[in-house]
Amino acid sequence: MEHMRLLLAIFLTIMVFVLWELLFVPGQPGQPPEQSGQSRSSESVSDDRGSETRPDSRQTEKSDPTPAELPSQSFGAIVVENNLYRAEISEKGAAIRHFVLNQYRESMDEDSPRKQLVPESNSVGTALIRFVGSDLESPEQAVFTTDADRDRLRVTDQPETLSFYWKSSQGLVIEKQYVFYPDSYKIGLNVNLVNESSAPLAPEMMLEMTNPRPDGGTFVFEGPFAYVDGSLEEVKPKNLDEEQSFSGKIRWAGIEDRYFMTALVPENPREKRIRMNEDTDREVLRVGYAEPMQRLEAGAGQSYEYHLFMGPKRMSELKSFGYELDKAINFGFFDIIAKPCLYLMNKIHEFGVANYGVAIILLTMLFKIIFWPLGNKSYRSMAEMKKLQPLMADIRKKYKDDKKKMNEEVMRLYKTYKVNPMSGCLPMVVQIPVFIAFYRMLYEAIELRHAPFFLWINDLSSPDRLFRLDISIPLMAPPYGIPVLTIIMGATMFLQQKLSPPPGDPSQARIMMMLPLVFTVIFVNFPSGLVLYWLTNNVLSIAQQYYVTRKTV
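Below: a short report on this structure.

How each quantity is defined
- Within each chain, residues carry numbers counting from 1 in the order of the written sequence.
- Where totals are concerned, whole chains, interfaces and linings use all residues; where local detail is concerned, this predicted model gives features only for residues with pLDDT of at least 70, and gives and counts side-chain atom pairs only at 80 or more.
- Hydrogens are left out, water is left out, and the side-chain values use all remaining heavy atoms of the structure.
- Labels follow the DSSP assignment, with helices taken as runs of H or I lasting at least four residues and strands as runs of E lasting at least two, numbered in each case from the N terminus.
- When a residue's accessible area, from a 1.4 Å probe over protein chains only, is under 20% of the maximum for its type it is buried; when over 50% it is exposed; and in between it is partly exposed.
- Whether two residues are in contact is decided by their heavy atoms, any of which lying within 4.5 Å being enough.
- In plain words, nonpolar cores are sets of buried Ala, Val, Leu, Ile, Met, Phe, Trp, Tyr and Cys residues tied together by side-chain atoms within 4.5 Å.
- Here, any two strands with at least 2 DSSP bridges between them count as paired.
- Every axis in this analysis is a line fitted to C-alpha atoms, fitted for helices over the stretch in contact. Angles between the N-to-C directions lie between 0 and 180 degrees.

### Observations concerning the side chain of N537
Part 1 of the argument: Inspection of the secondary structure puts N537 in helix α12 (residues 528-552).
Part 2 of the argument: Looking at N537, the relative accessible area reads 9%, which means it is buried.
Part 3 of the argument: Residues in contact with N537, not counting those within four places in the same chain, are T364, K368 and F435.

### Quick look at the nonpolar core
Part 1 of the argument: Counting 118 residues, the largest nonpolar core has F99, Y178, M345 and M441 as the members making the most contacts within it.
Part 2 of the argument: Considering each element in turn, this core owes the most residues, nine residues, to helix α9 (residues 426-444).
Part 3 of the argument: Once residues lying within four places of it in the same chain are set aside, the contact partners of F99 are Y85, R86, A87, K115, Q116, L117, V118, I187 and M310.

### Regarding unusual backbone geometry
Generally, phi is negative for residues other than glycine and the peptide bonds are trans, each holding for most cases.
Part 1 of the argument: Of note, the amide linkage connecting P478 to P479 takes the cis form, showing an omega dihedral of 0°.
Part 2 of the argument: Position of P479 relative to the elements: it lies in the loop between α9 and α10 (484-499).
Part 3 of the argument: Here the phi dihedral of A94 falls at roughly 50°; this positive angle occurs in a residue that is not glycine.
Part 4 of the argument: Within the fold, A94 resides in the loop between β3 (85-90) and β4 (96-105).

### As for the sheet that holds β4
Part 1 of the argument: Across the sheet, five strands lie side by side as β5-β4-β3-β2-β8; this open sheet has mixed pairing. The open sheet has two free edges, formed respectively by β5 (114-118) and β8 (152-154), since each of these has just one partner strand. Between one strand axis and the next, the sheet turns through 20° on average, direction left out of account.
Part 2 of the argument: In this structure, β4 lies alongside β5, joined through four bridges in antiparallel fashion. Counted as the bridge partner of L101 is K115 from β5.

Pasting the structure below:
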């Protein structure tokens, strides 16, 4: 039993401190082989909203998608606003040059600016068109014109449309048409190509989402991702020294960080290819959705239909967007448990609990109630073991020079008093996946970003710090301060050790008593929401253990 407790404690420590990245950060997926031989037949695919099935591109014989004469109105930049964001579209490439979220800030500081989803460091913007595999002039940095008569558009009651045009030296006309919706992070993007030359053209178009490399990614994945053939593919930016590509039925693709994402969603997924690379010259990541080469006869046109999502990784937003975009929220190995935890936490919040810290406490109590029988069994076994400590101490003293005989006598003692040394550990092991899944969910849930709890804890996604100190503290990440909640959590772990039967081996006892200190050091830089969960679980476990021990003794 003592060895099992020690091993379990060490296992928990290693699991939190060392194996976090192994369990939670998705590894580099193997690059799928490109299809060879005869391509698969095209199938009509209806989207998850039940809309009528149609191809995601269509070819016309006339240049209907664009006006007979292209507008010559230059615009520099046009600003588009709704209640959720402020977007700026540049004349260069008709790209989204800036994108600011109105309901989120960069930090908790009072003078903090709004969250920039496409920051100023992105010099090229996003939603770019390029032509690859041909000699066609690329429109990525070309100057587009528009037929809009204003440089600012406010979207309130109904969708608003903006169209931008450019004609290459080869006679290929491009129209980029954005559709903006009120109170939605969804943006429609239609691309129309028309061959106004006298000879056939064969453009191979690529629509790209670009953004600088995310800053974090220590414990969660941040970088390019795509949903291909029903599987989420994620590539760490450090593995983009060489271009990565995925072929198959592309549902969506984009770039994400811990809390936000930009994604390109084709109206109807088909067999296409996604290309991911890092542009070191412009210091941006590129995720390109490649359309197969299409032969356009003189006067013919080609149209493509997409949607953009540029906003928070909030489950309700992604589900309302549709197209299975909610699968972009991925909690790794324990995803099947973590998502119900997120659902329950949000439901508690919706039913009148405005404070997410209180919601975490209530959800932790719910889990403790569910696992109460297992906890009772574990603590009852510990109590029985504690009653045997004097007899076990006598056996160790008597057979201290004969380890084999000592173990035989200890096992005989267990059998005599009908105590199973494993019964105290196994119930704890069963609960570990739920604890870790809850842990992972709290770390990534955008609901906790800048969410206050009480007093000095004004952000459940950041470490708790009482006061701000100007001195550097070893093993503590800035900002420096007093981690009051973490210290209290360590104290509760120490109290739990005192309530548990001590190991007979002095060296094991010293290791067990060091674990609260080790966990306190580990948790000092964890978000306060995680510390609050662990502290609440410890307090409830102490109460249960005390109750069971008193009842058993």
